[in-house]
Amino acid sequence: MASISLKNIYKIFEDGTTAVNDFSLEIADKEFIILVGPSGCGKSTTLRMIAGLESISKGEMKIGDRTVNSVAPKDRDIAMVFQSYALYPHMSVYRNMAFGLELRKVPKDEIDKRVREAAKILDIEHLLKRKPRALSGGQRQRVALGRAMVRSPSVFLLDEPLSNLDAKLRTTMRTEIKKLHKRLGTTFIYVTHDQTEAMTMGDRIVVMKDGVIQQVDTPQKLYDKPYNMFVAGFIGSPQMNFLDAVVSIRDSQIYLILADNEINVTSVFKDEKRIYNYDGKHVKLGIRPEDITNDAEYVKKNADKVITASLEVNEMMGSETYLYLDYSGEKIVARVNAPATEGEVNLLAIRTDKIHLFDPKTTINILF
Amino acid sequence: MSTKEKNMLGRTLIYIVLTVIGIAFLSPVFIVLINSFKGKFFISEEPFSLPDKDTFAGLENYVSGLEKTGFFSAFGWSLFITVFSVLAIVLFTSMTAWYIVRVKNKFTKALYYVFVFSMIVPFQMVMFTMTKTAGELGLDTPWGIVLIYLGFGAGLAVFMFCGFLKSVPLEIEEAAMIDGCNPVQTFFMVVFPVLKPTAITVAILNAMWIWNDYLLPYLLIGSEYKTIPVAVQYLRGGYGSVDMGALMAMLVLSIIPIIIFYLFCQKYIIKGIVAGAVKG
């Protein structure tokens, strides 16, 4: 069990590329942390630096009270699950799991006990004699988890462990890993580019872009209060809609002037002093698909919060419908209960208490 | 002509061509074998006829060959040189290839090309300078020749190991490092077992070449330590007289071990060459 402290960590490669830029994070003991971001954002490099597989160019990293910048991977008391599972192809499942303990000269009966315990938890007892090539993707995944588990490490590192599995198995394994975290009570650091995995599994999420942390928070806070447009767009599916708007304050009323409509946001922002600095200025209005509705009654009641957009496509999802709309050339998506007529202009109301306003230059949430 | 008939015709043609090639390659071995049982005076007269009542000499040629050549001593030296050279080639070139593939810089790139280049340098080009230098360095011993074989065998072996290693995921080695391996343990416990098919192929190709090699042992250690090909050559007496019977018998004895070795390992040769070629 251990906390991890990363202070001003940099990774600069020989060709001068900065993969990780001033990364600082405190990870509590037993926490489940998710590193998420698009490809090339530095999340895997960060994980590899924690594992000791990449050197740290600048900064200080501690596991527990120990500075580990120059400690070899084997001495960091960590275990890692790789995207490709990285099982030893010439060893049986049993030996794959026992190998790390054998190297540490753990007595044989103790190794046997631990391997069988882990195999029981992961439901792979019947596979112990097989070679990795005789296993399915999901089974290999379990063996890779088992190999990490038997070591009882202080920190579990998982590098996109589910990305090679099919959609159904991924959902099952997501729950399994979450359960495993609770059962083991160990610090987990999990890298993924899948925001659904990030939202459903982590205690806290670290959103990264171009080697820089964009925001660190709990999944719900990240969703409700994104720090900037990148986080707002990255978290949530379908992603948040962004519309150009101008703030207009007249007669003690606050309006957002959009391309074809004007919506009144006084009730939401009247006590928000920062909005007054933007009077007459351009902002980006962010609204999530589920906060746009075509419910006739709601639209009727909130006539000053209505926009008109023409519907291009209905996407029926069973319990709900995605409307793909064209709003003065800007594409927006709404998640509603009932489908609408394609090709026609629709009246849609915006739930103004759910909107986000971003500075178009800095892309930062002006109300954060 | 239907497609089926065309396929049949094509296949028959391939069989005919392959049969002709097969016969062409096997007939010398067969001729040596039948002649080894004929009296030595009949060999030159009727080299292609099977032994009959008059010409059959039993094991006479074998007995006389073994006496004249010191075959068992030659067999010992051939075995010694082949085994240790192959071990050295497999061990050191696999390590070298691992270094070349995993440590990517200008030096390793240049090193790789040096190894590849060494494959195309014919032995005859370097043979006199090399034997002279080897003699001056005191390498004209069975141990010294092992070192020289390592040099000559390294090019192809490094090339083949590099081809295969490129397809081995780095993550396996990283997992080993996290599991607690130092670099030496990583190589011997994780990397080398994965390389087994290529290692076997390299071993077989080099074993066949070194076992059959005549020129290098003759030039370097021929006067003191005779390998089988060198010993067999000594059956050629002065003034062009050759004991053909003993010569044929010794040739048969010398190719038996390598044929057995090949038959046991042939599936690995194909597996290893294909693995290197496709995945590399």
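Residues numbered from 1 in each chain as written. Chains lettered and ligands numbered in written order. Predicted model: local features only at pLDDT ≥ 70, side-chain atom pairs only at ≥ 80, totals over all residues. Heavy atoms only, no water.

Draft legend 1. Representation of the overall build of chain B. Along its length, chain B carries 13 helices and zero strands. From first element to last, N terminus to C terminus, chain B shows the α and β order α-α-α-α-α-α-α-α-α-α-α-α-α. The principal-axis extent of the C-alpha atoms belonging to chain B is close to 75 × 70 × 35 Å. Sequence-distant contacts, at least 24 apart, represent 73% of the contacts inside chain B between residues at least 6 apart. Across chain B, the mean location of the 19 positive side-chain charges is 12 Å away from that of the 16 negative side-chain charges. (Helix = DSSP H or I, 4+ residues; strand = E, 2+ residues; numbered from the N terminus. Contact = heavy atoms within 4.5 Å. Lys, Arg positive; Asp, Glu negative; His and termini not counted. Charge placed at Lys NZ, Arg CZ, Asp CG, Glu CD.)

Draft legend 2. View of the nonpolar core. Core analysis: the biggest nonpolar cluster contains 46 residues, and I34(A), M97(A), L145(A), L158(A), I177(A), Y190(A) and V207(A) have the highest contact counts within it. In contact with L158(A), other than residues within four places in its own chain, are L47(A), V81(A), L145(A), I177(A), F188(A), I189(A), Y190(A) and V191(A). One finds I89(B), I148(B), F161(B) and I210(B) within the second-largest nonpolar core, a separate group that totals 43 residues. (Core = buried A, V, L, I, M, F, W, Y, C linked by side-chain atoms within 4.5 Å. Buried < 20%, exposed > 50% of the residue type's maximum accessible area, 1.4 Å probe, protein only.)

Draft legend 3. Looking closely at a nonpolar patch on the surface. On the surface, a cluster of nonpolar side chains totalling about 510 Å² of accessible area is made up of I14(B), V17(B), L18(B), I21(B) and F25(B). Residue position: L18(B) is located in helix α1 (residues 3-35). (Patch = residues over 30% accessible without salt bridge, like charges linked within 9 Å, V, L, I, M, F, W, Y side chains within 5 Å. Areas by Shrake-Rupley, 256 points an atom, 1.4 Å probe, with all protein chains shown as cover. Salt bridge = Lys/Arg side-chain N within 4 Å of Asp/Glu carboxyl O.)

Draft legend 4. Summary view of the interface of chain A and chain B. The interface is formed by 22 residues belonging to chain A together with 15 residues belonging to chain B. Carbon and sulfur atoms supply 67% of the area that chain A and chain B bury against each other, a total of about 1600 Å² over both sides. The largest contributions to the chain A side of the interface with chain B come from Y88(A), H90(A) and L103(A), which together make up 29% of the buried area. The closest approach of N and O atoms between E174(B) and R48(A), which form a salt bridge, is 2.5 Å. One can count nine residue pairs in polar contact (both at pLDDT 80 or more) joining chain A with chain B. For the side of chain A that touches chain B, the elements supplying multiple residues, two or more each, are α1 (43-51), β6 (78-81) and α2 (93-103) of chain A. Counted by class, the side of chain A that touches chain B contains 14 nonpolar, three polar and five charged residues. (Buried area = accessible area lost by both parts, 1.4 Å probe. Polar contact = N/O pair within 3.5 Å; in protein donor to acceptor, adjacent residues only side chain to side chain. Nonpolar A, V, L, I, M, F, W, Y, C, P; charged D, E, K, R; others polar.)

Draft legend 5. Geometry of helix α4 (residues 137-149) of chain A. Compared with an ideal rise of 1.5 Å per residue, which puts 13 residues at 18 Å, α4(A) spans 18 Å between its outermost C-alpha atoms and is within 8% of the ideal. Taken across its 13 residues, α4(A) has ten buried, putting it largely inside the fold. Check the buried side of α4(A) and you find it contacts β6, α2, α3 (108-122), β7 (155-159) and α5 (167-184) of chain A together with α8 (170-179) of chain B. (Expected span 1.5 Å × (residues − 1).)

Draft legend 6. Structural view of the packing of aromatic side chains. What the rule picks out here adds up to 23 aromatic pairs over all chains. Measuring from ring centre to ring centre gives 5.6 Å for F230(A) and F234(A), while their planes differ by 20°; the resulting arrangement is stacked. Separated by four residues within a single helix, F230(A) and F234(A) lie in helix α8 (residues 229-234), roughly one turn from each other. The residues F230(A) and F234(A) share a single accessibility class, namely buried. An aromatic cluster is defined as three or more aromatic residues linked by ring pairs; in this entry it consists of W77(B), F80(B), F84(B), W143(B) and Y225(B). If you follow K281(A) out to its NZ or CZ, it ends over the ring of Y278(A), 5.9 Å from the centre. Here the basic side chain of R288(A) rests over the ring of Y223(A), its NZ or CZ set 3.9 Å away from the ring centre. (Phe/Tyr/Trp six-rings, centres within 6.5 Å; stacked < 30°, edge-to-face > 60°. Lys NZ or Arg CZ within 6 Å of the ring centre and 35° of its normal.)

Draft legend 7. A look at the environment of K179(A). Residues and elements named next belong to chain A. Structurally, K179 is set in helix α5. The class of K179 is exposed, set by a relative accessible area of 54%. Each C-alpha atom, one on K179 and one on A119, is 15 Å from the other, the two residues being 60 residues apart in sequence.

Draft legend 8. Spotlight on the pattern of salt bridges. For the coordinates displayed, the defined rule picks out 20 salt bridges over all chains. The partner of K43(A) in a salt bridge is E160(A), with the nearest N and O atoms 3.9 Å apart. Pair noted here: K43(A) is in helix α1 and E160(A) is in the loop between β7 and α5, with a separation of 117 residues, a long-range link. The buried category is assigned to K43(A), whose relative accessible area is 4%. A salt bridge links R116(A) to D112(A), with the nearest nitrogen and oxygen atoms 3.1 Å apart. Taken together, the residues R116(A) and D112(A), both in helix α3 and four residues apart, mark about one turn of the helix. What emerges from the salt-bridge pattern is a single network uniting K11(A), R48(A), E54(A) and E174(B).

Draft legend 9. Just the domain arrangement of chain B, in detail. All names here are of chain B. Along its sequence, chain B is organised into domain 1 (3-60) and domain 2 (62-276). Centre-to-centre separation of domain 1 and domain 2, based on C-alpha positions: 30 Å. Taken residue by residue, the interface counts eleven residues in domain 1 and eleven residues in domain 2. Note on domain 1 versus domain 2: buried area summed over both sides is about 920 Å², and carbon and sulfur give 73% of it. It is V32, S36 and K40 that lose the most area in domain 1 upon contact with domain 2, and together they represent 43% of the buried surface on that side. Summed over the shared surface of domain 1 and domain 2, the result is six residue pairs in polar contact (both at pLDDT 80 or more). Residue assignment for the side of domain 1 that touches domain 2 shows that the elements contributing at least two residues are α1 and α2 (40-45). (Domains from an automatic or database assignment.)

Draft legend 10. Structural view of the packing of α3(A) against α4(A). All names here are of chain A. Running from N to C, α3 and α4 point in directions that differ by 140°, and their axes come no closer than 9 Å. As judged from the angle between their axes, α3 and α4 are oblique. Note on packing geometry: the crossing formed by α3 with α4 is right-handed. In this structure, α3 contributes A118, I121 and L122 to the contact, and α4 contributes R142, L145, G146 and M149. Of the residues assigned to the contact of α3 with α4, the class counts are five nonpolar, one polar and one charged. (Axes fitted to C-alpha atoms, helices over the stretch in contact; angles between N-to-C directions. Parallel < 35°, antiparallel > 145°, perpendicular 65-115°, else oblique. Left-handed = near helix turned anticlockwise from the far one by under 90°.)

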